[in-house]
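# Results of the structural survey
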Amino acid sequence: MNPEQAEVVMHDQGPLYVCASAGSGKTRALVHRIARLVEAGTDPTRILAVTFSKKAADEMNTRLEELGVTEARVGTWNSLALQVLRGDFHRVSGYTIDDSDRFRVNVKKVCGYQFLDWKKADVTKLCGFIGICKANMWSADSAEALAEARKRFAHEGPLACQVFSKADDLTDQSGLLTFDDMLLHCARHLEVEVNAEKWAARWDYVLQDEAQDANVAQMVTARALAGRHRNYMIVGDFRQSIFSFRG
């Protein structure tokens, strides 16, 4: 390892921010830091690491296994959110995960003649708008959502907010849980102090990979889980950020 990577690996307590370009070994340093913490006596089950894709999480777990670490909690943001929701809301276990984009079908249905009869609605654009709102934790009736809708749909902005609201209603009524809603519901749940205390008590270290792509809901979740002990490491290259959020 180079001196910068070694410094990351040897960091012990407190926050740590690692910003470096792609291919510079950021994730390698994160993984080796986890292994070093375990070697120093940290219970691996007290370590939480989050990333964006299942592929990335699987790769991190493989690297950790090669280093002799098998029990750290390493996974995607969505798997973490689902763990929290299922842990505190038993009814969520009966929900169907929307892995076939059925939410888009609900958006299209709301735009149809049975509901709003918005004949020229752009379903793809509407789904993008709703996704941005949920990532920023804006409800359909919020001033922020309306302002964003007016930017995207001009005078039809209020109609876009109605689509957002009604599509959410249909989705909830059908027992469907979207990936956006997992993150949103988890973040809102952890904004309640007693809930944050409960889940934060599970882990002594929180490590976040690919932080340049994090949205508001994810950062609210991370803050709830790491804000007390402050053993919070973020790794990323913000010059490559693909998501622009407010907050």
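Scroll up a little and you will see the structure.
Below, the structure is looked at part by part. (Residues numbered from 1 in each chain as written. Predicted model: local features only at pLDDT ≥ 70, side-chain atom pairs only at ≥ 80, totals over all residues. Heavy atoms only, no water.)

Our next topic: the side chain of Thr-51. Here Thr-51 shows up in strand E2 (residues 47–51). In this structure Thr-51 comes out as buried when scored by relative accessible area, which is 1%. Those residues in contact with Thr-51 that sit more than four places away from it in its chain are Ala-56, Ala-57, Met-60, Gly-75, Thr-76, Trp-77, Asp-209 and Glu-210. (Helix = DSSP H or I, 4+ residues; strand = E, 2+ residues; numbered from the N terminus. Buried < 20%, exposed > 50% of the residue type's maximum accessible area, 1.4 Å probe, protein only. Contact = heavy atoms within 4.5 Å.)

This next bit is on the pairing of strand E7 (residues 232–236). Along E7, 5 of the 5 residues are buried, which leaves the element largely enclosed by surrounding structure. Residues Tyr-232, Ile-234 and Gly-236 of E7 are buried on one face, and the alternating residues Met-233 and Val-235, pointing to the opposite face, are buried as well. Note: strand E1 (residues 16–19) against E7, 4 bridges, orientation parallel. By the bridge assignment for E7, Val-18 is matched with Val-235. Bridge count between strand E6 (residues 205–208) and E7: 3 bridges; the pairing is parallel. When the sheet's bridge partners are listed, Val-206 is paired in E7 with Tyr-232. (Pairing = 2+ DSSP bridges.)

Okay, the sheet that holds E7 next. Taken together, 5 strands build an open sheet; the order of strands is E1-E7-E6-E2-E3 and the sheet is parallel. What marks the edges here is a single partner per strand, and that holds for E1 and strand E3 (73–76). Sheet twist, expressed as the mean angle between neighbouring strand axes with direction ignored, is 10°. Both E2 and E6 contribute to a ladder of 4 bridges, which runs parallel. By the bridge assignment, Leu-48 is partnered in E6 with Val-206. (Axes fitted to C-alpha atoms, helices over the stretch in contact; angles between N-to-C directions.)

A few words now on the pairing of E2. In regular strands, side chains alternate between the two faces of the sheet. Burial analysis of E2 places 5 of its 5 residues in the buried class, the great majority of the element. As paired strands, E2 and E3 are joined by 4 bridges and run parallel to one another. Opposite Val-50, over in E3, you have Gly-75 as the bridge partner. Running through helix H3 (residues 54–66), the crossover from E2 to the neighbouring parallel element E3 is right-handed. (Right-handed = clockwise from strand over helix to strand, strands pointing away.)

The next point concerns the packing of helix H5 (residues 102–111) against helix H8 (residues 157–173). At a closest axis distance of 9 Å, the pairing of H5 and H8 adopts a crossing angle of 125°. If you check the angle between H5 and H8, you find them oblique. Seen from above, H5 lies across H8 with right-handed handedness. The residues of H8 that touch H5, namely those facing Phe-103, Asn-106, Val-107, Lys-109, Val-110 and Cys-111, are Val-163, Lys-166, Ala-167, Asp-168, Leu-170 and Thr-171. (Parallel < 35°, antiparallel > 145°, perpendicular 65-115°, else oblique. Left-handed = near helix turned anticlockwise from the far one by under 90°.)

For H8, spanning 17 residues, the distance from its first C-alpha to its last is 25 Å, which sits close to the expected 24 Å at 1.5 Å a residue. Among the residues making up H8, those that are buried are Gly-157, Ala-160, Cys-161, Val-163, Phe-164, Ala-167, Leu-170 and Thr-171. Each element contacted by the buried residues of H8 is listed here: H5, helix H6 (123–135), helix H7 (143–153) and strand E5 (176–177). (Expected span 1.5 Å × (residues − 1).)

In the structure shown here, the tally under the stated rule is 10 salt bridges. The salt bridge partner of Arg-152 is Glu-148, with a shortest N-O separation of 2.8 Å. Here Glu-148 and Arg-152 lie together in helix H7, a separation of 4 residues that amounts to about one turn. Taking the relative accessible area as the measure of exposure, Arg-152 reaches 29% and is therefore partly exposed. Given the relative accessible area of 5%, Glu-148 is considered buried. (Salt bridge = Lys/Arg side-chain N within 4 Å of Asp/Glu carboxyl O.)

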